[in-house]
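These are the residues of each chain, in order.
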Amino acid sequence: HRIFRTMKNTGAYDQQYFRSSKRFQLNPKRTDRFVEEILKHNPKKVLDIGCGLGALVRRLRELNIEAYGIDNAPVLKEKFWKEGYFEYADARAIPYPDEVFDVVFSADFFEHIEEKDLDIVANEMKRVGEVVLAEIAFEQELTERQGKYHVTNKPKEWWMNKLPGIEIL
């Protein structure tokens, strides 16, 4: 008879959250798929919103694209980011001037934003970028753990209506 202990999930984006999502976030096939979508727009300068561990930003830089990432989890700056092109910032107030990026990108990000903040975040992304791309996990059955993080879980049509001017991948 074995007893399995589960860590209590607080819903915080802490070191444990990023360690447990590392395989997903750093998956090369996932990163390559995003790079392919971004390159369709021939960008020179890209911003990844909610960049997490930063795999996409690093890959774009390997391709000589000036890429930056922001995220609002303090642990990323403390434990995971070493490079100066990552910044701790709130997507509701992106710390860059208007239209400075050719592409602003987010993946698995919008569903983590409370519905009341979606318009603010979307407008900020459109303010700093010429093209805004987003990959969103559409309405799905969520585990209890996922439900703590995916606070906005809606069908594709809802997202399409909610985010005009953002190309949903």
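All values reported here derive from a predicted model rather than from experimental measurement.

## So, the nonpolar core
Thought 1: Counting 47 residues, the largest nonpolar core has L47, I49, F110 and M125 as its most contacted members.
Thought 2: When residues of this core are traced back to their parent elements, those giving at least two are helix 3 (28-39), strand 1 (45-49), helix 4 (55-62), strand 2 (66-71), helix 5 (74-80), strand 4 (101-107), helix 6 (118-128) and strand 5 (129-135).
Thought 3: Aside from chain neighbours lying at most four places away, what touches L47 is Y68, G69, I70, I94, Y96, F101, V103, V104, F105 and V128.

## Examining the side chain of T152
Thought 1: Along the polypeptide, T152 turns up in the loop between helix 7 (144-149) and helix 8 (156-162).
Thought 2: Of the polar contacts made by the side chain of T152, one reaches the backbone nitrogen of E115; its length is 3.3 Å.
Thought 3: Beyond its immediate chain neighbours, meaning those up to four positions away, T152 contacts F110, E111, I113, E114, E115, L118, W158 and W159.

## Some words on the pattern of salt bridges
Thought 1: Tallying each qualifying case throughout the model produces 15 salt bridges.
Thought 2: Of the charged contacts, one joins E62 and R59 as a salt bridge, the two residues approaching to 3.2 Å between their closest N and O atoms. Note that E62 and R59 are positioned in helix 4 at a spacing of three residues, about one turn of the helix.
Thought 3: The class for E62 is exposed, based on a relative accessible area of 56%.
Thought 4: By relative accessible area, which is 28% here, R59 ends up partly exposed.

## With respect to the confidence of the model for the chain
Thought 1: For the chain, the mean per-residue pLDDT works out to 85, and 83% of the residues sit at or above 70.
Thought 2: Within the chain, no element has a lower average pLDDT than helix 7, which sits at 59, and none a higher one than strand 1, at 98.
Thought 3: Contacts for the low-pLDDT stretch residues 1-11, under 50 throughout, to residues beyond four places or in other chains number six contacts.

## Considering helix 6
Thought 1: Along helix 6, the residues classified as buried are L118, V121, A122, E124, M125 and V128. Viewed end-on, helix 6 has its buried residues packed into an arc of 160 degrees, placing them on one side of the element.
Thought 2: For helix 6, the secondary structure elements touched by its buried residues are strand 1, strand 4, strand 5 and helix 8.

## Some remarks on the sheet that holds strand 6 (residues 167-168)
Thought 1: Read across the sheet, six strands follow the order 3-2-1-4-5-6 without closing on themselves; strand pairing throughout is parallel. For this open sheet the edge positions go to strand 3 (86-88) and strand 6, each flanked by a neighbour on one side alone.
Thought 2: Sheet topology note: the strand 1/strand 4 ladder contains four bridges and is parallel. By the bridge assignment, I49 is partnered in strand 4 with S106.
Thought 3: Across the sheet, helix 4 touches strand 1, strand 2, strand 3 and strand 4, and the angle it forms with strand 2 is around 170 degrees.

Parameters and conventions
Residues numbered from 1 in each chain as written. Predicted model: local features only at pLDDT ≥ 70, side-chain atom pairs only at ≥ 80, totals over all residues. Heavy atoms only, no water. Core = buried A, V, L, I, M, F, W, Y, C linked by side-chain atoms within 4.5 Å. Buried < 20%, exposed > 50% of the residue type's maximum accessible area, 1.4 Å probe, protein only. Helix = DSSP H or I, 4+ residues; strand = E, 2+ residues; numbered from the N terminus. Contact = heavy atoms within 4.5 Å. Polar contact = N/O pair within 3.5 Å; in protein donor to acceptor, adjacent residues only side chain to side chain. Salt bridge = Lys/Arg side-chain N within 4 Å of Asp/Glu carboxyl O. pLDDT = per-residue confidence, 0-100. Arc of directions from axis to C-beta. Pairing = 2+ DSSP bridges. Axes fitted to C-alpha atoms, helices over the stretch in contact; angles between N-to-C directions.

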